[in-house]
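Fold and contact review
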Amino acid sequence: MNLWGRKWSRRLIPPPSCSFLPRTLDSYIPLDRGVPLPSCSSKAQPLYLTSDEGYLLKAAPPALNVDQLLSALRCPSSHRLLDMIIGCQVTREPPNSTERYTRWINQLAPDQLLTQVFTSNGPTVIMPTWFCSRAWFTHVGPFDEGGRGVPEDLLFFYEHLRQGGAVVRVDRSLLLYRCHPGAATHTILETTIWAHRVRFLEEQALPHWATFTIWNAGRQGRRLYRSLTAGSRRKVAAFCDVDENKIRKGFYCYEDSQERPKPRIPVVHFRAARPPFVICVKLDLTGGVFEDNLRSLNLQEGRDFLHFS
């Protein structure tokens, strides 16, 4: 059974060879990325400057090649879904900035555009490349205009998914994505992002599982356990790890619990653990060792495990 159920599983759209032709794009108003944008209200202005029926680019900077994006979408298709967010691959500037993140957004497989929505990386297609219909934008709702410190792209993306929206990436690098210290993303606290991610995980994924294992008995895994509601914590069957010291101790005691006796969660080797897993190990950071361990279990992402790194 697919983790997301029928509503999401039918949204796994193949990449650009099965995209569609936008009907109109009456006006395209690029934003001036030379000026930092403190809130989403500025970013949303291009949405309101397009025609009522046309398709629109979301917060597209001048470095996005709009003509190439439209060309990439002009492929015949049997799909005519109007509830897509479409993005593209990017080229980072400077080239060596956020290398792991850039590899992640460029190399996700089509199905991972949905299964990896819980990671700390945020939306699986980045907001400067977003392209969607005005009708769908109106349906999902406006951006949260709370100002600096609000992760408006993540909140909109989560609501898009709640509504059953599809996610598609054009597998061509059409955006020069600049990294600079004045970027609005630096104003958002990690704790704010964490709280939204945990809520979304509990809302969209954990109800599908009677029990689950947290992969990582270290700081991140324990933090996730403590952040869960009491009901979700009761579903945690075990932690798993490769650290012999943690495995030898045999358990994690939740000292902050008001329960008596305090919960003691078993800690086992990952090969002795039972799926499904919520994985709190960072990707692309162990020289392939973690990825090899995970691959050796022959599990299916989205059904047997989810990444929450």
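Computed from a prediction, not measured in an experiment: that's the story for all the values here.

Here is what the cut-offs are and how they apply
Residues numbered from 1 in each chain as written. Predicted model: local features only at pLDDT ≥ 70, side-chain atom pairs only at ≥ 80, totals over all residues. Heavy atoms only, no water. pLDDT = per-residue confidence, 0-100. Contact = heavy atoms within 4.5 Å. Axes fitted to C-alpha atoms, helices over the stretch in contact; angles between N-to-C directions. Helix = DSSP H or I, 4+ residues; strand = E, 2+ residues; numbered from the N terminus. Parallel < 35°, antiparallel > 145°, perpendicular 65-115°, else oblique. Nonpolar A, V, L, I, M, F, W, Y, C, P; charged D, E, K, R; others polar. Buried < 20%, exposed > 50% of the residue type's maximum accessible area, 1.4 Å probe, protein only. Arc of directions from axis to C-beta. Phe/Tyr/Trp six-rings, centres within 6.5 Å; stacked < 30°, edge-to-face > 60°.

Moving on: the confidence of the model for the protein chain. Per-residue pLDDT for the protein chain averages 79, and the proportion of residues at 70 or more is 72%. Contacts for the low-pLDDT stretch residues 1–55, under 50 throughout, to residues beyond four places or in other chains number 145 contacts. Confidence drops under pLDDT 50 across residues 57–62; counting only partners more than four residues distant or on other chains, this segment forms 33 contacts.

On to the packing of helix H8 (residues 152–162) against helix H9 (residues 190–204). In contact at an axis separation of 11 Å, H8 and H9 are set at 5° when each is read in the N-to-C sense. If you check the angle between H8 and H9, you find them roughly parallel. Contacts between H8 and H9 involve Leu154, Leu155, Tyr158, Leu161 and Arg162 on the former and, on the latter, Ile193, His196, Arg197, Arg199, Phe200, Glu203 and Gln204. Residue composition of the contact of H8 with H9, by class: six nonpolar, two polar and four charged.

Those residues of helix H10 (residues 219–227) not exposed but buried are Gly221, Leu224 and Tyr225. Viewed along the axis of H10, the buried residues span an arc of 100°, placing them on a single side of the element.

Summed over the entire model, instances satisfying the criterion amount to 18 aromatic pairs. When the centroid spacing of 5.5 Å and the interplanar angle of 80° are considered together, the rings of phenylalanine 239 and tyrosine 252 count as edge-to-face. Of this pair, phenylalanine 239 sits in strand E6 (residues 236–241) while tyrosine 252 sits in strand E7 (residues 251–253); the two residues are 13 residues apart in sequence, bridging distant segments of the chain. On the basis of relative accessibility, which here comes to 13%, the residue tyrosine 252 falls in the buried class. Within the aromatic cluster, the residues linked to one another by ring pairs are Trp130, Phe137, Phe143, Phe156 and Phe157.

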